[in-house]
Amino acid sequence: MEKKPKNIMDAGGLVPDAVTIGIVKERLAQPDCGKGFILDGFPRTKDQAVALDGILKDLKLKLTAVVNIAVPDANLVKRVTGRRICKTCGATYHVTFNPPAVEGKCDKCGGVLYQRDDDKEATVIKRCGSLSQPNSSSIAYYQNKGVYKEVDGTQPIDKVYAEVVAAVKE
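Residues numbered from 1 in each chain as written. Predicted model: local features only at pLDDT ≥ 70, side-chain atom pairs only at ≥ 80, totals over all residues. Heavy atoms only, no water.

A. Just the sheet that holds strand S3 (residues 92-94), in detail. One open sheet holds the 3 strands; their spatial order is S3-S2-S4, and the pairing between them is antiparallel. If you trace the sheet from one side to the other, it starts and ends with S3 and strand S4 (113-114), each paired once. Sheet analysis places strand S2 (residues 83-86) next to S3, joined by 3 bridges and oriented antiparallel. Paired with Ile 85 across the strands is Thr 92, a residue of S3. In the packing of helix H3 (residues 73-81) onto the sheet, the strands contacted are S2 and S3, and the crossing angle to S2 comes to about 25°. (Pairing = 2+ DSSP bridges. Helix = DSSP H or I, 4+ residues; strand = E, 2+ residues; numbered from the N terminus. Contact = heavy atoms within 4.5 Å. Axes fitted to C-alpha atoms, helices over the stretch in contact; angles between N-to-C directions.)

Shown next, in the form of structure tokens:
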């Protein structure tokens, strides 16, 4: 018998806009965000982008750049499904890119490593499919505003990092 997902994210779905927008608004209202902030994975849709514009206006904050780290879905699936987390201390590993010294065992505390339900292949593939179309509407929105930048996320991490930093500084 197949295990039923615990929540919408475990099933590969996205958190509803009202919840996501509320979380972002609450976080951006914190004093440290006045110095600058990075949002990861938000906004995904034009409606979320418009909502973000309203939040920023209300908080008197300015959006200076939108950077998309572009990675093909197949690469994302490989990256996400290889992730393992320590049940004891929360340390993160990857079966290919950052394996533990002993398979299934945390290098830091010796705890058992596990794969989160939302990192399983079927869930990740479903999530990638649900993200592609909405992202195109937010990308077009930010391209029209002149703040959109794209970085090739298949490059070595140090090159991706350098390009992201350069895109934000422009």
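B. The arrangement of the packing of aromatic side chains in detail. Summed over the entire model, instances satisfying the criterion amount to 1 aromatic pair. Where Tyr 141 meets Tyr 142, the ring centres are 5.2 Å apart and the plane angle is 80°; that geometry is what we call edge-to-face. Taking the relative accessible area as the measure of exposure, Tyr 141 reaches 16% and is therefore buried. (Phe/Tyr/Trp six-rings, centres within 6.5 Å; stacked < 30°, edge-to-face > 60°. Buried < 20%, exposed > 50% of the residue type's maximum accessible area, 1.4 Å probe, protein only.)

C. Structural context of the side chain of Asp 119. By secondary structure assignment, the location of Asp 119 is in the loop between S4 and helix H4 (121-145). A relative accessible area of 0% places Asp 119 in the buried class. There is a polar contact of 2.7 Å between the side chain of Asp 119 and the side chain of Arg 83. Here Asp 119 is in contact with Val 80, Thr 81, Arg 83, Val 124 and Arg 127, once residues within four sequence places are set aside. (Polar contact = N/O pair within 3.5 Å; in protein donor to acceptor, adjacent residues only side chain to side chain.)

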